[in-house]
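# Survey of secondary and tertiary structure
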Amino acid sequence: MKLNKQDVYKALEKITVPGEGKNMVESGAVTNVMVFGDEVVVDVTINNPSLQARKKTEVEILKTIHAEVYEKAKITINVKVGAAAVSEKPKANEIKGKPLPGIKNIIAVASGKGGVGKSTVTANLAVTLAKMGFKVGLLDADIYGPSMPIMFDVAQEKPLAVNIDGKSKMKPVESYGVKLLSIGFFTQPNQAVIWRGPMASKALNQMIFDAHWGEIDFMLIDLPPGTGDIHLSIMQAMPVTGAVVVSTPQEIALADARKGVAMFQQDSINVPVLGVVENMAYFTPEELPNNKYYIFGKEGAKHLSEDLKVPFLGEIPLVQSIREAGDVGRPAAMQEGTPIEAAFEALTKNVVQEVVNRNTDLPPTEAIKITTMAGCSPVNKQ
Ligand SMILES: Nc1ncnc2c1ncn2[C@@H]1O[C@H](COP(=O)(O)OP(=O)(O)OP(=O)(O)O)[C@@H](O)[C@H]1O
Ligand SMILES: [Mg+2]
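Please read all numbers here as calculations on a predicted model, not as lab measurements. The residue numbers shown here count from 1 along each chain, following its written sequence. For naming, the first written chain is A and the first written ligand is 1, with later ones following in the order written. Where totals are concerned, whole chains, interfaces and linings use all residues; where local detail is concerned, this predicted model gives features only for residues with pLDDT of at least 70, and gives and counts side-chain atom pairs only at 80 or more. Values reported for side chains reflect all heavy atoms of the structure, with hydrogen atoms and water molecules removed beforehand.

So, about the packing of helix H4 (residues 118-131) against helix H11 (residues 339-361). For helices, the fitted axis covers only the stretch in contact; all axes are lines through C-alpha atoms, and the angles between them, taken along N-to-C directions, range from 0 to 180 degrees. The helix count covers DSSP runs of H or I at least four residues long, the strand count covers runs of E at least two residues long, and both are numbered beginning at the N terminus. Direction vectors running N to C along H4 and H11 enclose 80°, while the axes themselves pass 9 Å from each other. Between H4 and H11, the angle falls in the class roughly perpendicular. Here Val121, Asn124, Leu125, Thr128, Leu129 and Lys131 of H4 come into contact with H11, specifically with Glu341, Phe344, Glu345, Leu347, Thr348, Val351 and Val352. Residue polarity follows a fixed list, in which Ala, Val, Leu, Ile, Met, Phe, Trp, Tyr, Cys and Pro are nonpolar, Asp, Glu, Lys and Arg are charged, and the others, Gly among them, are polar. Partitioning the contact of H4 with H11 into residue classes produces seven nonpolar, three polar and three charged. Throughout, the term roughly parallel applies to angles under 35 degrees, roughly antiparallel to angles over 145, roughly perpendicular to angles from 65 to 115, and oblique to all others. We call two residues in contact when some of their heavy atoms are within 4.5 Å.

Below, the structure written as C-alpha coordinates:
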(Lines give C-alpha, C1' and ligand atoms only; values in the text may rest on other atoms or scores of the structure.)
(Ligands and ions follow the chains in the order given, each with its own letter.)
Protein backbone atom coordinates (compact mmCIF):
# COMPACT_ATOMS: atom_id res chain seq x y z
CA MET A 1 0.00 0.00 0.00
CA LYS A 2 1.46 3.31 -1.05
CA LEU A 3 0.25 6.19 1.09
CA ASN A 4 0.16 9.68 -0.28
CA LYS A 5 -0.41 13.10 1.19
CA GLN A 6 -3.32 14.03 -1.06
CA ASP A 7 -5.35 11.07 0.14
CA VAL A 8 -4.66 12.00 3.74
CA TYR A 9 -5.76 15.60 3.15
CA LYS A 10 -8.90 14.39 1.38
CA ALA A 11 -9.74 12.18 4.34
CA LEU A 12 -9.14 15.02 6.80
CA GLU A 13 -11.58 17.15 4.83
CA LYS A 14 -14.30 14.88 6.16
CA ILE A 15 -13.75 16.07 9.73
CA THR A 16 -15.63 19.23 10.66
CA VAL A 17 -14.38 21.63 13.29
CA PRO A 18 -17.05 22.07 15.98
CA GLY A 19 -18.65 25.49 15.95
CA GLU A 20 -17.00 26.57 12.71
CA GLY A 21 -19.01 24.69 10.11
CA LYS A 22 -15.80 24.15 8.13
CA ASN A 23 -13.65 21.09 7.73
CA MET A 24 -10.24 20.83 9.37
CA VAL A 25 -8.31 21.52 6.20
CA GLU A 26 -10.44 24.43 5.12
CA SER A 27 -10.31 26.07 8.55
CA GLY A 28 -6.53 25.90 8.58
CA ALA A 29 -6.47 23.57 11.60
CA VAL A 30 -4.30 21.05 9.72
CA THR A 31 -0.94 22.78 9.55
CA ASN A 32 1.11 19.97 8.02
CA VAL A 33 0.91 16.37 6.79
CA MET A 34 3.94 14.16 6.21
CA VAL A 35 4.03 10.62 4.85
CA PHE A 36 6.93 8.16 5.18
CA GLY A 37 6.12 4.68 3.87
CA ASP A 38 3.19 3.55 5.99
CA GLU A 39 3.69 6.27 8.58
CA VAL A 40 1.65 9.45 8.65
CA VAL A 41 2.40 12.54 10.74
CA VAL A 42 -0.35 15.11 11.10
CA ASP A 43 0.15 18.52 12.75
CA VAL A 44 -3.04 20.22 13.88
CA THR A 45 -3.86 23.38 15.76
CA ILE A 46 -7.09 23.51 17.70
CA ASN A 47 -8.76 26.43 19.42
CA ASN A 48 -10.31 24.51 22.27
CA PRO A 49 -7.60 24.00 24.89
CA SER A 50 -9.44 21.29 26.89
CA LEU A 51 -7.96 17.82 27.16
CA GLN A 52 -11.23 16.36 26.00
CA ALA A 53 -11.17 18.39 22.79
CA ARG A 54 -7.61 17.27 22.11
CA LYS A 55 -8.46 13.62 22.61
CA LYS A 56 -11.54 13.90 20.45
CA THR A 57 -9.56 15.48 17.63
CA GLU A 58 -6.89 12.78 17.82
CA VAL A 59 -9.40 9.95 17.80
CA GLU A 60 -11.27 11.43 14.85
CA ILE A 61 -8.08 11.82 12.82
CA LEU A 62 -6.95 8.27 13.62
CA LYS A 63 -10.30 6.77 12.75
CA THR A 64 -10.73 8.73 9.56
CA ILE A 65 -7.28 7.98 8.15
CA HIS A 66 -7.66 4.30 9.02
CA ALA A 67 -11.10 4.12 7.47
CA GLU A 68 -10.54 6.29 4.40
CA VAL A 69 -6.88 5.84 3.51
CA TYR A 70 -5.14 2.83 4.96
CA GLU A 71 -6.29 0.76 7.88
CA LYS A 72 -2.75 -0.16 8.95
CA ALA A 73 -1.22 3.30 8.72
CA LYS A 74 0.94 4.26 11.71
CA ILE A 75 -0.23 7.67 12.69
CA THR A 76 1.40 10.34 14.82
CA ILE A 77 -0.63 13.40 15.65
CA ASN A 78 0.86 16.59 17.05
CA VAL A 79 -1.83 18.76 18.54
CA LYS A 80 -1.11 22.40 19.31
CA VAL A 81 -3.48 24.81 20.99
CA GLY A 82 -3.84 27.86 18.79
CA ALA A 83 -3.00 31.36 19.93
CA ALA A 84 -6.56 32.22 18.99
CA ALA A 85 -7.83 30.19 21.90
CA VAL A 86 -5.84 32.23 24.33
CA SER A 87 -6.11 35.75 23.00
CA GLU A 88 -9.00 35.73 20.59
CA LYS A 89 -11.19 38.78 20.80
CA PRO A 90 -14.67 38.27 19.46
CA LYS A 91 -15.30 39.96 16.15
CA ALA A 92 -17.53 42.96 16.49
CA ASN A 93 -20.51 41.26 14.94
CA GLU A 94 -20.28 38.06 16.91
CA ILE A 95 -20.00 39.42 20.37
CA LYS A 96 -20.19 37.08 23.33
CA GLY A 97 -22.77 36.91 26.09
CA LYS A 98 -26.30 36.68 24.83
CA PRO A 99 -28.45 38.10 27.57
CA LEU A 100 -31.75 37.66 25.70
CA PRO A 101 -32.55 35.26 22.93
CA GLY A 102 -31.53 36.91 19.69
CA ILE A 103 -30.47 40.19 21.31
CA LYS A 104 -26.72 40.27 21.69
CA ASN A 105 -26.04 43.64 23.27
CA ILE A 106 -28.19 46.22 24.98
CA ILE A 107 -26.74 49.71 25.23
CA ALA A 108 -28.45 52.33 27.38
CA VAL A 109 -27.91 55.96 26.43
CA ALA A 110 -28.26 58.36 29.35
CA SER A 111 -27.24 61.86 30.27
CA GLY A 112 -28.14 63.19 33.65
CA LYS A 113 -29.10 66.61 32.33
CA GLY A 114 -31.95 66.92 29.85
CA GLY A 115 -31.63 68.37 26.38
CA VAL A 116 -27.95 67.58 25.89
CA GLY A 117 -28.63 65.50 22.78
CA LYS A 118 -29.14 61.98 24.08
CA SER A 119 -31.83 61.18 21.57
CA THR A 120 -29.91 62.80 18.73
CA VAL A 121 -26.81 60.78 19.58
CA THR A 122 -28.86 57.58 19.96
CA ALA A 123 -30.61 58.01 16.61
CA ASN A 124 -27.34 58.70 14.81
CA LEU A 125 -25.55 55.82 16.52
CA ALA A 126 -28.39 53.56 15.41
CA VAL A 127 -28.27 54.52 11.73
CA THR A 128 -24.47 54.39 11.70
CA LEU A 129 -24.44 50.89 13.20
CA ALA A 130 -27.01 49.84 10.59
CA LYS A 131 -24.85 51.33 7.82
CA MET A 132 -21.91 49.29 9.16
CA GLY A 133 -23.98 46.16 8.63
CA PHE A 134 -25.10 45.45 12.18
CA LYS A 135 -28.65 44.46 13.03
CA VAL A 136 -29.94 47.31 15.12
CA GLY A 137 -32.90 47.78 17.43
CA LEU A 138 -33.86 51.02 19.11
CA LEU A 139 -36.07 51.25 22.14
CA ASP A 140 -37.27 54.72 22.96
CA ALA A 141 -37.76 54.58 26.70
CA ASP A 142 -38.29 58.29 27.24
CA ILE A 143 -41.65 58.23 28.91
CA TYR A 144 -41.65 62.00 29.37
CA GLY A 145 -40.94 62.97 25.79
CA PRO A 146 -40.46 60.14 23.32
CA SER A 147 -38.71 61.60 20.29
CA MET A 148 -37.70 58.66 18.12
CA PRO A 149 -40.89 58.42 16.03
CA ILE A 150 -40.21 61.97 14.78
CA MET A 151 -36.46 61.50 14.42
CA PHE A 152 -37.10 58.43 12.25
CA ASP A 153 -40.04 59.96 10.39
CA VAL A 154 -42.50 57.29 11.50
CA ALA A 155 -44.70 59.31 13.85
CA GLN A 156 -47.80 58.26 11.90
CA GLU A 157 -47.04 54.56 12.07
CA LYS A 158 -48.06 51.96 14.61
CA PRO A 159 -46.38 48.65 15.30
CA LEU A 160 -48.40 45.78 13.85
CA ALA A 161 -49.18 42.56 15.65
CA VAL A 162 -47.65 39.41 14.24
CA ASN A 163 -48.30 35.84 15.18
CA ILE A 164 -45.16 33.99 16.25
CA ASP A 165 -45.62 30.35 17.29
CA GLY A 166 -49.22 30.96 18.27
CA LYS A 167 -48.39 34.08 20.28
CA SER A 168 -49.21 37.59 19.30
CA LYS A 169 -46.12 39.81 19.21
CA MET A 170 -45.50 43.45 18.41
CA LYS A 171 -43.57 44.03 15.24
CA PRO A 172 -41.16 46.97 15.55
CA VAL A 173 -41.51 49.71 12.97
CA GLU A 174 -38.54 49.81 10.61
CA SER A 175 -36.85 52.92 9.30
CA TYR A 176 -33.39 53.39 7.75
CA GLY A 177 -32.55 49.78 8.60
CA VAL A 178 -33.30 50.29 12.30
CA LYS A 179 -36.08 48.43 14.12
CA LEU A 180 -37.84 50.82 16.41
CA LEU A 181 -40.32 50.69 19.26
CA SER A 182 -41.25 53.76 21.23
CA ILE A 183 -43.52 54.62 24.09
CA GLY A 184 -44.64 57.32 21.66
CA PHE A 185 -46.41 54.74 19.47
CA PHE A 186 -48.78 53.97 22.33
CA THR A 187 -49.62 57.45 23.56
CA GLN A 188 -51.28 60.42 21.92
CA PRO A 189 -48.97 63.20 20.78
CA ASN A 190 -48.76 65.92 23.42
CA GLN A 191 -50.20 63.62 26.02
CA ALA A 192 -48.09 63.91 29.13
CA VAL A 193 -47.29 60.47 30.36
CA ILE A 194 -46.68 60.42 34.05
CA TRP A 195 -45.69 56.91 34.91
CA ARG A 196 -44.16 55.56 37.98
CA GLY A 197 -40.97 53.59 37.53
CA PRO A 198 -42.52 50.14 37.86
CA MET A 199 -45.23 50.93 35.30
CA ALA A 200 -42.71 52.27 32.86
CA SER A 201 -40.46 49.29 33.24
CA LYS A 202 -43.43 47.00 32.69
CA ALA A 203 -44.26 48.78 29.43
CA LEU A 204 -40.62 48.60 28.40
CA ASN A 205 -40.43 44.96 29.33
CA GLN A 206 -43.29 44.31 26.97
CA MET A 207 -41.57 46.22 24.23
CA ILE A 208 -38.52 44.02 24.68
CA PHE A 209 -39.97 40.64 25.53
CA ASP A 210 -43.35 40.72 23.76
CA ALA A 211 -41.98 42.12 20.54
CA HIS A 212 -40.66 40.24 17.57
CA TRP A 213 -37.21 41.78 17.28
CA GLY A 214 -35.54 38.85 15.56
CA GLU A 215 -31.75 38.83 15.60
CA ILE A 216 -30.28 42.05 16.99
CA ASP A 217 -26.59 42.86 17.40
CA PHE A 218 -27.16 46.16 19.18
CA MET A 219 -30.29 47.26 20.96
CA LEU A 220 -30.01 50.92 21.92
CA ILE A 221 -32.20 52.31 24.67
CA ASP A 222 -32.84 56.05 24.71
CA LEU A 223 -33.43 56.81 28.37
CA PRO A 224 -35.35 59.73 29.78
CA PRO A 225 -33.24 62.55 31.24
CA GLY A 226 -32.19 62.41 34.87
CA THR A 227 -31.02 59.76 37.24
CA GLY A 228 -34.20 58.93 39.09
CA ASP A 229 -36.28 56.03 40.15
CA ILE A 230 -37.41 55.37 36.62
CA HIS A 231 -33.85 54.64 35.53
CA LEU A 232 -33.40 52.25 38.38
CA SER A 233 -36.50 50.35 37.32
CA ILE A 234 -35.47 50.20 33.69
CA MET A 235 -31.94 49.08 34.46
CA GLN A 236 -33.21 46.44 36.79
CA ALA A 237 -35.69 45.12 34.26
CA MET A 238 -33.20 44.19 31.57
CA PRO A 239 -29.65 42.95 31.24
CA VAL A 240 -27.99 46.08 29.91
CA THR A 241 -24.57 45.34 28.44
CA GLY A 242 -23.25 48.84 28.96
CA ALA A 243 -24.15 52.50 29.20
CA VAL A 244 -23.16 55.49 27.11
CA VAL A 245 -23.35 58.84 28.91
CA VAL A 246 -23.87 61.98 26.82
CA SER A 247 -22.84 65.41 28.02
CA THR A 248 -22.27 68.87 26.65
CA PRO A 249 -19.10 70.71 27.76
CA GLN A 250 -20.74 73.11 30.27
CA GLU A 251 -20.09 72.68 33.98
CA ILE A 252 -23.75 72.20 34.76
CA ALA A 253 -24.14 69.38 32.26
CA LEU A 254 -20.91 67.77 33.42
CA ALA A 255 -22.08 67.74 37.02
CA ASP A 256 -25.18 65.84 35.92
CA ALA A 257 -23.20 63.51 33.66
CA ARG A 258 -21.06 62.66 36.67
CA LYS A 259 -24.26 61.66 38.48
CA GLY A 260 -25.26 59.65 35.42
CA VAL A 261 -22.01 57.68 35.49
CA ALA A 262 -22.33 57.17 39.24
CA MET A 263 -25.88 55.88 38.79
CA PHE A 264 -24.72 53.04 36.54
CA GLN A 265 -21.83 52.21 38.80
CA GLN A 266 -23.80 51.94 42.02
CA ASP A 267 -24.10 48.46 43.47
CA SER A 268 -27.82 48.12 42.86
CA ILE A 269 -27.42 48.76 39.12
CA ASN A 270 -23.89 47.73 38.30
CA VAL A 271 -23.97 48.35 34.56
CA PRO A 272 -20.52 48.92 33.00
CA VAL A 273 -20.08 52.43 31.61
CA LEU A 274 -18.82 52.14 28.03
CA GLY A 275 -17.85 55.79 28.03
CA VAL A 276 -18.75 59.44 27.70
CA VAL A 277 -19.72 61.33 24.53
CA GLU A 278 -19.18 65.06 24.24
CA ASN A 279 -22.07 66.49 22.24
CA MET A 280 -22.13 70.09 21.00
CA ALA A 281 -18.39 69.97 21.64
CA TYR A 282 -17.84 73.05 19.47
CA PHE A 283 -19.84 75.13 17.03
CA THR A 284 -19.03 74.92 13.37
CA PRO A 285 -20.84 77.25 10.96
CA GLU A 286 -21.93 75.38 7.85
CA GLU A 287 -20.17 77.88 5.58
CA LEU A 288 -16.90 77.73 7.55
CA PRO A 289 -16.53 74.01 8.18
CA ASN A 290 -12.95 74.31 9.41
CA ASN A 291 -13.75 76.82 12.14
CA LYS A 292 -14.39 75.57 15.64
CA TYR A 293 -15.89 77.79 18.33
CA TYR A 294 -15.86 76.33 21.83
CA ILE A 295 -18.87 78.24 23.01
CA PHE A 296 -19.68 75.90 25.90
CA GLY A 297 -16.07 75.45 26.99
CA LYS A 298 -13.44 73.08 25.67
CA GLU A 299 -13.18 69.34 26.24
CA GLY A 300 -15.22 69.34 29.43
CA ALA A 301 -16.61 65.84 28.85
CA LYS A 302 -13.20 64.57 27.85
CA HIS A 303 -11.74 65.74 31.14
CA LEU A 304 -14.68 64.27 32.99
CA SER A 305 -14.08 60.86 31.43
CA GLU A 306 -10.40 61.05 32.40
CA ASP A 307 -11.35 62.04 35.91
CA LEU A 308 -13.85 59.18 36.25
CA LYS A 309 -11.54 56.73 34.47
CA VAL A 310 -14.11 55.79 31.87
CA PRO A 311 -13.39 55.81 28.13
CA PHE A 312 -13.93 58.96 26.08
CA LEU A 313 -15.95 57.89 23.07
CA GLY A 314 -15.86 60.95 20.86
CA GLU A 315 -17.08 64.46 20.20
CA ILE A 316 -19.94 65.66 18.05
CA PRO A 317 -19.99 69.29 16.91
CA LEU A 318 -22.91 71.65 17.27
CA VAL A 319 -24.12 72.00 13.70
CA GLN A 320 -27.38 73.43 12.52
CA SER A 321 -28.01 70.56 10.13
CA ILE A 322 -27.88 68.02 12.98
CA ARG A 323 -30.87 69.75 14.55
CA GLU A 324 -32.64 70.14 11.22
CA ALA A 325 -32.07 66.51 10.31
CA GLY A 326 -33.61 65.44 13.62
CA ASP A 327 -36.64 67.61 13.01
CA VAL A 328 -37.31 66.28 9.52
CA GLY A 329 -36.81 62.67 10.55
CA ARG A 330 -33.63 61.71 8.76
CA PRO A 331 -30.65 61.45 11.14
CA ALA A 332 -27.71 63.64 10.08
CA ALA A 333 -25.23 60.75 10.04
CA MET A 334 -26.94 59.61 6.84
CA GLN A 335 -25.60 62.62 4.95
CA GLU A 336 -22.85 60.85 3.06
CA GLY A 337 -19.39 62.33 2.77
CA THR A 338 -19.98 65.02 5.40
CA PRO A 339 -17.89 65.76 8.50
CA ILE A 340 -21.01 64.95 10.53
CA GLU A 341 -21.16 61.45 9.10
CA ALA A 342 -17.44 61.06 9.87
CA ALA A 343 -17.88 62.27 13.46
CA PHE A 344 -20.68 59.77 14.09
CA GLU A 345 -18.70 56.99 12.43
CA ALA A 346 -15.71 57.62 14.69
CA LEU A 347 -17.99 57.66 17.73
CA THR A 348 -19.78 54.47 16.68
CA LYS A 349 -16.55 52.58 16.10
CA ASN A 350 -15.40 53.47 19.60
CA VAL A 351 -18.70 52.31 21.06
CA VAL A 352 -18.43 48.97 19.25
CA GLN A 353 -14.83 48.60 20.43
CA GLU A 354 -15.82 49.30 24.03
CA VAL A 355 -18.61 46.72 23.80
CA VAL A 356 -16.09 44.17 22.52
CA ASN A 357 -13.69 45.06 25.36
CA ARG A 358 -16.45 44.88 27.90
CA ASN A 359 -17.64 41.49 26.68
CA THR A 360 -14.10 40.16 26.73
CA ASP A 361 -13.35 41.40 30.23
CA LEU A 362 -16.61 41.02 32.12
CA PRO A 363 -19.40 38.46 32.48
CA PRO A 364 -22.85 39.32 31.10
CA THR A 365 -24.82 41.82 33.18
CA GLU A 366 -27.49 40.23 35.30
CA ALA A 367 -30.96 41.43 34.52
CA ILE A 368 -32.13 41.90 38.06
CA LYS A 369 -29.36 42.60 40.45
CA ILE A 370 -31.24 44.31 43.18
CA THR A 371 -32.80 42.81 46.15
CA THR A 372 -34.17 45.86 47.86
CA MET A 373 -37.41 43.95 48.38
CA ALA A 374 -36.61 40.29 48.64
CA GLY A 375 -38.63 38.16 46.29
CA CYS A 376 -40.32 41.03 44.47
CA SER A 377 -39.37 41.67 40.90
CA PRO A 378 -39.03 45.40 40.24
CA VAL A 379 -41.84 45.17 37.73
CA ASN A 380 -44.36 44.16 40.35
CA LYS A 381 -42.94 46.19 43.16
CA GLN A 382 -45.34 48.82 44.43
N1 LIG B 1 -24.80 68.25 17.89
C2 LIG B 1 -25.92 68.94 17.73
N3 LIG B 1 -25.97 69.99 16.88
C4 LIG B 1 -27.10 70.72 16.74
N5 LIG B 1 -28.23 70.49 17.39
C6 LIG B 1 -28.25 69.43 18.24
C7 LIG B 1 -27.12 68.62 18.46
N8 LIG B 1 -27.46 67.66 19.35
C9 LIG B 1 -28.74 67.87 19.69
N10 LIG B 1 -29.23 68.94 19.02
C11 LIG B 1 -30.57 69.51 19.13
O12 LIG B 1 -30.79 69.85 20.50
C13 LIG B 1 -32.11 69.53 20.89
C14 LIG B 1 -32.10 68.54 22.05
O15 LIG B 1 -31.56 67.32 21.58
P16 LIG B 1 -32.15 65.93 22.01
O17 LIG B 1 -33.62 65.91 21.94
O18 LIG B 1 -31.41 64.90 21.27
O19 LIG B 1 -31.69 65.93 23.54
P20 LIG B 1 -32.08 64.93 24.69
O21 LIG B 1 -30.93 64.88 25.63
O22 LIG B 1 -32.58 63.66 24.16
O23 LIG B 1 -33.28 65.70 25.36
P24 LIG B 1 -34.30 65.13 26.47
O25 LIG B 1 -33.56 65.20 27.74
O26 LIG B 1 -35.44 66.09 26.40
O27 LIG B 1 -34.66 63.75 26.06
C28 LIG B 1 -32.79 69.00 19.64
O29 LIG B 1 -33.48 70.02 18.99
C30 LIG B 1 -31.64 68.53 18.78
O31 LIG B 1 -31.94 68.56 17.39
MG1 LIG C 1 -34.42 62.70 24.41
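The next thing to look at is the UniProt feature "binding site: ATP" (unreviewed entry) in the protein chain. UniProt positions are given in the numbering used here, feature names are shortened, and annotations may be inferred rather than shown by experiment. According to UniProt, the feature "binding site: ATP" (unreviewed entry) maps to Gly112, Lys113, Gly114, Gly115, Val116, Gly117, Lys118 and Ser119 in the numbering used here. Inspection of the secondary structure assignment puts valine 116 in the loop between strand E4 (103-110) and H4. Categorising residues by exposure relies on relative accessible area from a 1.4 Å probe, with only protein chains included: less than 20% of the type maximum marks a residue as buried, more than 50% marks it as exposed, and the intermediate range marks it as partly exposed. With a relative accessible area of 3%, valine 116 lands in the buried category. Apart from residues lying up to four places away in sequence, valine 116 is in contact with Ser111, Val246, Thr248, Ala253, Asn279 and Met280. With respect to the secondary-structure elements, lysine 118 resides in helix H4.

This part is about helix H9 (residues 300-308). Three or more residues of H9 are buried, namely Gly300, Ala301, Leu304 and Ser305. Here the buried residues of H9 occupy an arc of 135° about the axis, which is enough to place them on one side. Downstream of H9 by a residue or two, lysine 309 has a phi angle that is positive, lying close to 60°. By arc we mean the arc of the directions from the helix axis to the C-beta atoms, nothing more.

Right, let's get into the nonpolar core. Of all hydrophobic cores here, the largest spans 85 residues; its most connected members are Leu139, Phe152, Met235, Phe264 and Leu347. For this core, the element with the most residues is H11, which contributes eight residues. Residues belong to a common nonpolar core when they are buried Ala, Val, Leu, Ile, Met, Phe, Trp, Tyr or Cys residues joined through side-chain atoms within 4.5 Å. Grouped together as the second largest cluster of nonpolar side chains are 22 residues, Val8, Val33, Ile46 and Ala73 included.

For strand E10 (residues 216-222), the buried fraction is high: seven of the seven residues fall into the buried class. Here the rule is simple: two strands pair whenever DSSP picks up at least two bridges between them. Bridging between E4 and E10 involves six bridges; their strand directions are parallel. For isoleucine 107, the partnering residue across the bridge sits in E10 and is leucine 220. As defined by bridge partners, strand E5 (residues 136-140) adjoins E10 across five bridges and the pair is classed as parallel. In the strand pairing of E10, aspartate 140 is matched with aspartate 222.

So, on to the packing of helix H1 (residues 5-12) against helix H2 (residues 51-68). Put simply, H1 and H2 touch, their axes get as near as 9 Å, and they point 125° apart. Taken together, the axis directions place H1 and H2 in an arrangement best described as oblique. Considering only the axes of H1 and H2, their crossing is right-handed. Contacts between H1 and H2 involve Val8, Ala11 and Leu12 on the former and, on the latter, Ile61, Thr64, Ile65 and Glu68. The class makeup of the residues in the contact of H1 with H2 is five nonpolar, one polar and one charged. Crossings are sorted by hand: turned counterclockwise from the far helix by less than a right angle, the near helix makes the crossing left-handed, and turned clockwise it makes it right-handed.

With that out of the way, let us pick up the packing of aromatic side chains. Paired rings are identified among Phe, Tyr and Trp, the last through its six-membered ring, by centres lying within 6.5 Å, and are further divided according to the angle between planes into stacked (under 30 degrees), edge-to-face (over 60) and tilted (the rest). In the structure shown here, the tally under the stated rule is four aromatic pairs. Seen from their ring centres, phenylalanine 152 and tyrosine 176 are 6.1 Å apart, and the 40° between their planes marks the pair as tilted. Residue phenylalanine 152 is located in the loop between helix H5 (148-151) and strand E6 (160-164), and its partner tyrosine 176 is located in the loop between strand E8 (173-175) and strand E9 (178-182); the two are separated by 24 residues in the primary sequence. Looking at phenylalanine 152, the relative accessible area reads 0%, which means it is buried. Residue classification places tyrosine 176 among the partly exposed residues on the basis of a relative accessible area of 28%. The cationic tip of lysine 298 hangs over the ring face of tyrosine 294; the distance from NZ or CZ to the ring centre is 4.8 Å. Only when the NZ atom of a Lys or the CZ atom of an Arg is both within 6 Å of the ring centre and within 35 degrees of the ring normal do we say a charge sits over the ring.

Attention shifts here to the sheet that holds E8. Here eight strands make up an open sheet; going across it, the order is E8-E9-E5-E10-E4-E11-E12-E13 and the pairing mixed. Two strands lie at the open edges of the sheet, namely E8 and strand E13 (312-318), each paired on one side alone. On average, each strand axis in the sheet is inclined to that of its neighbour by 25°, with strand direction left out of account. Contacts from H11 reach E4, E10, strand E11 (242-247), strand E12 (273-283) and E13, with the element oriented near 160° to E13.

Take the site of ligand 1 next. Distances are taken per atom, and a residue is near a molecule or strand as soon as one of its heavy atoms is within 4 Å of it. Lining the immediate environment of ligand 1, one finds 18 residues, of which Gly115, Lys118, Ser119, Thr120 and Pro317 sit closest. Interatomic distance of 3.0 Å between a backbone N/O atom of glycine 117 and an oxygen atom of ligand 1. In the model, an oxygen atom of ligand 1 is placed 2.8 Å from a nitrogen or oxygen of the serine 119 side chain. Calculation of accessible area relied on Shrake-Rupley with a 1.4 Å probe; when residues are assessed, cover is drawn exclusively from the protein chains displayed. About the coverage of ligand 1: the protein hides 79% of its 630 Å² of free accessible area. Elements that contribute at least two residues to the shell around ligand 1 include exactly H4, E12, E13 and helix H10 (320-328). When the residues that make up the shell around ligand 1 are grouped by side-chain class, the tally is nine nonpolar, six polar and three charged. Within 3.5 Å is the distance limit for a polar contact, defined as a pair of N or O atoms, with the added protein rule that one can donate a hydrogen and the other accept it, and that residues adjacent in sequence qualify only through two side-chain atoms.

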